[in-house]
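Structural overview for review
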Number of protein chains: 4
Amino acid sequence: MDKRKLRAGMVGGGIGAFIGPVHRMALQLDNNAEIVAGAFSRDPEKSRQSGAQLHLDPQRIYHDYREMARKEAEVPEEQRFDFVVIVTPNSTHFEIARTFLEHDFHVVCDKPVALTLDQAKSLKKISSDKNRIFMITHAYTGYPMVKQAKQMVKNGELGKILKVVVEYFQGWVPYRLQGKVQGAKTWKFDPQVSGKSLTIADIGIHAENLVRYITGLEIEELCADTTSFLAGHGLEDDGNVLIRYKGETKGVFCASQMSTGERNGLTIRIYGTKKSLAWKQEQPESLLIRDLESFDTVLYKGGPYLHENAKAASRLPGGHPDGLIVAFANLYQEFFQAIRRQMGGGNGSSGDFPNIDDGVKGMSFVETVLESAGSDNKWTRLKM
Amino acid sequence: MDKRKLRAGMVGGGIGAFIGPVHRMALQLDNNAEIVAGAFSRDPEKSRQSGAQLHLDPQRIYHDYREMARKEAEVPEEQRFDFVVIVTPNSTHFEIARTFLEHDFHVVCDKPVALTLDQAKSLKKISSDKNRIFMITHAYTGYPMVKQAKQMVKNGELGKILKVVVEYFQGWVPYRLQGKVQGAKTWKFDPQVSGKSLTIADIGIHAENLVRYITGLEIEELCADTTSFLAGHGLEDDGNVLIRYKGETKGVFCASQMSTGERNGLTIRIYGTKKSLAWKQEQPESLLIRDLESFDTVLYKGGPYLHENAKAASRLPGGHPDGLIVAFANLYQEFFQAIRRQMGGGNGSSGDFPNIDDGVKGMSFVETVLESAGSDNKWTRLKM
Amino acid sequence: MDKRKLRAGMVGGGIGAFIGPVHRMALQLDNNAEIVAGAFSRDPEKSRQSGAQLHLDPQRIYHDYREMARKEAEVPEEQRFDFVVIVTPNSTHFEIARTFLEHDFHVVCDKPVALTLDQAKSLKKISSDKNRIFMITHAYTGYPMVKQAKQMVKNGELGKILKVVVEYFQGWVPYRLQGKVQGAKTWKFDPQVSGKSLTIADIGIHAENLVRYITGLEIEELCADTTSFLAGHGLEDDGNVLIRYKGETKGVFCASQMSTGERNGLTIRIYGTKKSLAWKQEQPESLLIRDLESFDTVLYKGGPYLHENAKAASRLPGGHPDGLIVAFANLYQEFFQAIRRQMGGGNGSSGDFPNIDDGVKGMSFVETVLESAGSDNKWTRLKM
Amino acid sequence: MDKRKLRAGMVGGGIGAFIGPVHRMALQLDNNAEIVAGAFSRDPEKSRQSGAQLHLDPQRIYHDYREMARKEAEVPEEQRFDFVVIVTPNSTHFEIARTFLEHDFHVVCDKPVALTLDQAKSLKKISSDKNRIFMITHAYTGYPMVKQAKQMVKNGELGKILKVVVEYFQGWVPYRLQGKVQGAKTWKFDPQVSGKSLTIADIGIHAENLVRYITGLEIEELCADTTSFLAGHGLEDDGNVLIRYKGETKGVFCASQMSTGERNGLTIRIYGTKKSLAWKQEQPESLLIRDLESFDTVLYKGGPYLHENAKAASRLPGGHPDGLIVAFANLYQEFFQAIRRQMGGGNGSSGDFPNIDDGVKGMSFVETVLESAGSDNKWTRLKM
């Protein structure tokens, strides 16, 4: 196995961006990868400054991702980057990802991977044809206690899953509408950039992905009620969905960005015939397990009683908070291992990270919610 | 104003019952009322023993509520009880309440007040015709912090209410189905006794009432998905409802008695344009207020900053838990004041306690949920 | 066994008082006792009004406790009260308790039972000579989860107890000093009424009693640092104590009434060789158990897994808060059983309630803390 | 200002170590520094492998820190590392730090900086003589909400500080004694390696530093009771200390590593005349502020209402946990700025990071606690 550091290029994430730096911290955290090139902004000067802050070779700082893809594909293999990280506004994900796949790079892309289900399917086909690995950063699945939850469900520790309640509540939209949030999120109100959905595409698909990651449940049909409470732009800022999963499990799904005072309230509760579990992203290092007749138990990151994959996903002992950057880094570590497996002639297509299948399913969820909401809130079968 | 202790009769609540003793503790807590008669069980011996434990005059212990109503109506006024407390299984509420109203007693009745909307309306008519005061014990509205929440909404402190999320989760059904719960709740699985609804009628209407108490919102239409996960009796043990209130407020409502490990998880979150609030029944003495741009605040029972009605509803200072019996007692105190106002020639029909209107609206909600769930989960306008 | 209601007299607790009404609610909660006489205030008119509110026979309302003791002792036995409840300022406890003991009444007295250790010992001797039952209302020991904790320690579930950390933090002193608290607590600043100690005698002895109740540990020696931060009266409003218990257990004890913002923060943590436990009075219905290598567990009131005495101490199921009045009532229930046992010819001296021994030990603790603090904070052996 | 990446050497932190990787993640997190050399283990092969994992030049991997210091001092300036990071067992800190200072490197050293107060003073003198910057990684001071707390105290928002309660509770000692913890912490039981103190030196000084960082309070005298409950080696695993700060503030300090079930329970409560604050390291992103008469407020990382230095110390928005690695990284960022200021001819001696003065004061605290505990627990003035 090749033990050199993996090399990354980045598109987006220039000075002032929020998520670009998080990706950089995460991918470099364990000293297994480094950024070597980037098109950090369409503004040449801003891109140059951003790259300089990262101590990059000026020759490898671009302002046009197409030029970057083309030129970097010609760099000698021992210097060429292995994968690109796409941290641009939603509307550009599809084209950028396609471009780099076509130049034979592995891809890491922020959610949503595309603006439409068809685009997502198209990316899936290209990445398959090109045998490239495609990771989507549903980073919350990188938390140790989420992995613990997944393993407990898989082991049958909860019994049969009867019901899932997931919610993702933020409150920045009203705040933004008072002109009090600057910067990166402004484009989210623009359908040209953001696509047909604000909240479902922005955070709802994290919640949908989290349910699927932990439980493996697939949606059969759903009934959605979405609202544009505050936005004044026709995009929904709140959506509530009743869900029927295959296998007779029921679901309640709520996503909102108009929930005054909420920070980043992603929570999930799963009720089985034997036990239930509850997890809150804002306090990610504990997992509440409840029982029919016994006391509540609280599992903590770092506990000797955790399943192996949960143990492996922390950097610090129990009681020393790891945080979300480590969750992000866990995704990258899995992605790196997939790349190395493929480099070694093995199979890079699977691994414990969200991939293009998750991207397709996420867009399928978004489009089905919009269709239900747009057709008098009828029960609607999942679009495929 | 007559300052003697008010006198109560009780139907149900014999030895081994759960809610009967709670009513007795609550109504006597402030030393303003006492039980003087009762039909505690249809079993004469059990009723007799129950009454003896309460140190009652053996002449005023019955086993047939009709006999009790008839005989007690003939007791001299200075000994006759003022109101009856009905704590029997659901199916009997209607007949018992009607009987005592017809004998000119004020009535306190456990929820649901009847098995059908029509019955509830009928009780409303009789109590109005007879000018009798009718209280339904939605006791959670008696908590100080619920009163604080109501006042804050009323004062506009939250701005316009955009969305309400209410849930009431219990987990005793699976436990019961393993034969591990004895006693009072067994009849709840029997549609002959419980009515057409298990969970919505048992606890869902508490949640519906809580929303209405705090916000004053009226339901316009709803879409419900109910499930009989575990019961094996055709009654629902889980129901999730999307709600549209009049005035463009949206709602999410979840009630469940199959949620493994949950105790008595009634929680409400209300999102306004200025602030949001969250309250949890299991920790009833605090109220979380969140703001668009400011820090979270936590209000506590006993705080000098509370509204007057919230202050008046506690017995102990902050940090000394009052508990649910005090919330119950607060309802009774308001009910007593209404009785005394009427005795004094004033108006007894209103007051800060849940009355027969709440009973009608609760049954309206139950029937609308069942109708939506039974008609392919269509959006359904509130039955009137 | 005599199943009539027990009868109580009360000294103190007139209109406007805080703790008097709590005692009345608690002693009457389970319908086993009632107030029949009282001297509610030294002001005749105020006492009369207070008694009238309680619907008492005007002949049995007094303003002089000596007169009350003398006259009530002559009331026919079938009407005479069985026990007196003393809820007056600290300085009067001793004389009132002695008076009623000498007239052969059982006694319930608020803490501290006296102003000095010698007085407490004197009361112990009199109650023993007179064979009267003496309860001191350390009400926190009436909570179900405190009883659970006691039983777990007794059963060895924690292993050997190594260390106890107890704290009781209130914040009303600075608030009071700004003139913002009215009423009952004013006399607490007056050494003539309150005695030599403010905070240790007022709340510290609750904390000391709680440790002793749960663990059975006896203090060997201690080192105390007390401070009069704010009071301007020479009484301490804060005290911190290092403790050595017999048997090599260590303790940390903190009590304070100047801790800005604290409501009624009584908490205890007990560390054993196998497990530890933590309990917080402000959330009294849960008990945190931690383990060397296993997950945390949280036990709840009402759980089927609790020890029998913890189960027996609740009125409502899990998730329905009982509150402090129920804890108080639990003490009274145990006290009543002791009285009935004695009436039946059995032994009334023991029972699961705090008695005059606890009163003596509490005063012993107060005097030892003051001695250590007053002698240059030296380590001081427990006064006996 | 020189904008190149700063270069680091590391001593200790080889494969299997706990804190070494944390330092590496933290110092590289913001892409401003990199490891270029190291002596990761005294075992040459282990050091080589550790360095290879970090992709280091084999020429710059050592197994003897003296050789490393000597050789690296001769490396051309444009490749020479700027500072050394010392993450070895306690007993070696002093010699290693001295060695690198004498070779003119800046130093980052884990706590405790030395085994004795004299050694710490000696390091202070050398670093001053050599004009080298010396950081000690009391990382908890890097959390945003700790910086917020410091600023609030400084601004007088709490009023005069009356009392501080700090505790640091861990439970790994009993676990370790059952042979269940492997690896790095074994040497902590060996006085030859660990020094005269186990718990006070290992974690107590973090707590002491935290108090000083937030409040600026200096200890006048203290009374300590330490215990070796479980260790079987003569080192204390528990220590409780009553403290008198200069200016009439009182303190309670508890540190323990035998507290079964505790993970990393560092908490601080500060009571002022106007407000109080409470912070818990295990939930580091919130800060509880309490008031004499107003509601509780909870401040969160990322809030627009925070002081500037608290805002600047986060990488992610509110509700997205940053974790301890970010707190560590905040220390490094301040340290880097000091280095760059000095490179630019400015003053590198101050900055918002713990420095050698903190090291001296920490050792002063350790020695004073041991002296008090060893002299019959007498009140003892802080050693200077």
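Residues numbered from 1 in each chain as written. Chains lettered and ligands numbered in written order. Predicted model: local features only at pLDDT ≥ 70, side-chain atom pairs only at ≥ 80, totals over all residues.

**Re the overall build of chain A**
Test applied: Helix numbering and strand numbering both begin at the N terminus, where a helix is a DSSP run of H or I of at least 4 residues and a strand a DSSP run of E of at least 2. Throughout, radius of gyration means the C-alpha value; the globule benchmark is 2.2 Å times the number of residues raised to the power 0.38. Think of it as a crowd count around each C-beta: if 20 or more other C-beta atoms lie within 10 Å the residue is buried, if 12 or fewer it is exposed, and in between it is partly exposed, with C-beta placed from the backbone throughout. Contact criterion: two residues are in contact if their C-beta atoms, reconstructed from the backbone, are within 7 Å.
Across its full length, chain A holds 12 helices and 15 strands. Here the C-alpha atoms of chain A give a radius of gyration of 21 Å, agreeing with the 21 Å that 2.2 N^0.38 yields for 384 residues. Taking the principal axes of the C-alpha coordinates as reference, chain A spans close to 65 × 50 × 40 Å. Counting over 384 residues, chain A shows a buried share of 61%. Counting only contacts in chain A whose residues sit at least 6 apart along the sequence, the fraction spanning at least 24 positions is 68%.

**Looking at the sheet that holds strand β6 (residues 134-136) of chain A**
Residues and elements named next belong to chain A. The cut-off we apply is this: A pair of strands is labelled paired if DSSP reports no fewer than 2 bridges between them.
Strand order in the open sheet formed by 6 strands is β3-β2-β1-β4-β5-β6, with parallel pairing between adjacent strands. Two strands bound the open sheet, and with one partner strand each, they are β3 (61-62) and β6. Here 3 bridges tie strand β5 (residues 106-109) to β6, and the two strands are oriented parallel to one another. Opposite Val 107, over in β6, you have Phe 134 as the bridge partner.

**Overview of helix α1 (residues 19-28) of chain A**
The element α1 of chain A is largely enclosed, with a buried count of 9 among its 10 residues. Listed in full, the buried residues belonging to α1 of chain A are Gly 20, Pro 21, Val 22, His 23, Arg 24, Met 25, Ala 26, Leu 27 and Gln 28 of chain A. For α1 of chain A, the secondary structure elements touched by its buried residues are β1 (6-12), β2 (33-39), β4 (83-87) and α11 (324-343) of chain A together with α1 (19-28) of chain D.

**A word on the pairing of strand β8 (residues 219-227) of chain B**
Residue and element names in this part refer to chain B. Taken across its 9 residues, β8 has 7 buried, putting it largely inside the fold. As defined by bridge partners, β8 adjoins strand β9 (residues 238-245) across 8 bridges and the pair is classed as antiparallel. When the bridges of β9 are listed, Cys 223 appears paired with Leu 242. Of the strand pairs in this sheet, β8 and strand β15 (residues 380-381) are connected by 2 bridges, and their pairing is antiparallel. In the sheet register, Glu 221 faces β15, and the bridge partner there is Arg 381.

**Observations concerning the packing of helix α3 (residues 65-73) of chain B against helix α4 (residues 90-102) of chain B**
All names here are of chain B. Cut-off, in case you're wondering: For helices, the fitted line uses only the C-alpha atoms of the stretch in contact; every axis is such a line through C-alpha atoms, and the angle between N-to-C directions lies from 0 to 180 degrees. In these notes the angle categories are as follows: under 35 degrees is roughly parallel, over 145 is roughly antiparallel, 65 to 115 is roughly perpendicular, and the rest is oblique. In this classification, Asp, Glu, Lys and Arg are treated as charged, Ala, Val, Leu, Ile, Met, Phe, Trp, Tyr, Cys and Pro as nonpolar, and every other residue, Gly included, as polar.
Contact pair α3 / α4: the axes reach a minimum separation of 9 Å and the direction vectors enclose 10°. Considered as vectors, α3 and α4 are oriented roughly parallel to each other. On α4, the residues that touch Tyr 65, Arg 66 and Ala 69 of α3 are Ile 96, Thr 99 and Phe 100. Counted by class, the contact of α3 with α4 contains 4 nonpolar, 1 polar and 1 charged residues.

**What to know about the domain arrangement of chain A**
Residues and elements named next belong to chain A. As a reminder of what qualifies: Domain start and stop positions are those given by an automatic or database domain assignment.
Domain boundaries in chain A define domain 1 (6-140 + 329-353) and domain 2 (142-317 + 362-381). Put simply, the middle of domain 1 and the middle of domain 2, counted by C-alpha atoms, are 26 Å apart. Contributions of two or more residues to the side of domain 1 that touches domain 2 are made by α4 (90-102), α5 (117-130) and α11. Its residues assigned to classes, the side of domain 1 that touches domain 2 shows 11 nonpolar, 6 polar and 1 charged.

**Focus: the environment of Gly 14 of chain A**
All names here are of chain A. Within the secondary structure, Gly 14 is located in the loop between β1 and α1. Residue class for Gly 14 comes out buried when judged on the 24 C-beta atoms lying within 10 Å of it. Measuring from C-alpha to C-alpha, the distance between Gly 14 and Phe 40 comes to 4.5 Å, with 26 residues separating the pair along the chain. Excluding residues within four positions of it along the chain, Gly 14 makes contact with Gly 20, Phe 40, Ser 41, Lys 46, Ser 47 and Ser 50.

**Comments concerning the relation of the copies chain C and chain A**
Applicable threshold: Least squares is the method used to superpose the copies, on C-alpha atoms of residues holding a pLDDT of at least 70 in both.
The transformation that overlays chain C on chain A combines an axial shift of 0.0 Å with a rotation of 180°, and the residual RMSD is 0.0 Å. The two molecules are tied by a two-fold rotation axis, judged by turn and shift. The position closest to the rotation axis in chain C is occupied by the C-alpha of Thr 297 of chain C, lying 2.1 Å away. Looking at the interface residues of chain C, 100% of them are also at the interface in chain A, so both copies use one shared face.

**Things to note about the interface of chain C and chain A**
Opposite the 10 residues of chain C that make contact, chain A presents 10 residues. Residues of the side of chain C that touches chain A, tallied by class, amount to 5 nonpolar, 3 polar and 2 charged.

**Structural notes on the interface of chain C and chain D**
Counting residues at the interface gives 34 residues for chain C, matched by 35 residues for chain D. Class assignment of the residues belonging to the side of chain C that touches chain D gives a composition of 13 nonpolar, 10 polar and 11 charged.

**Quick notes on the relation of the copies chain C and chain D**
Screw-axis analysis of chain C against chain D gives a translation of 0.0 Å along the axis, an RMSD of 0.0 Å, and a rotation angle of 180°. When the interface residues of chain C are mapped onto chain D, 100% of them again lie at the interface, so the same face is used by both copies.

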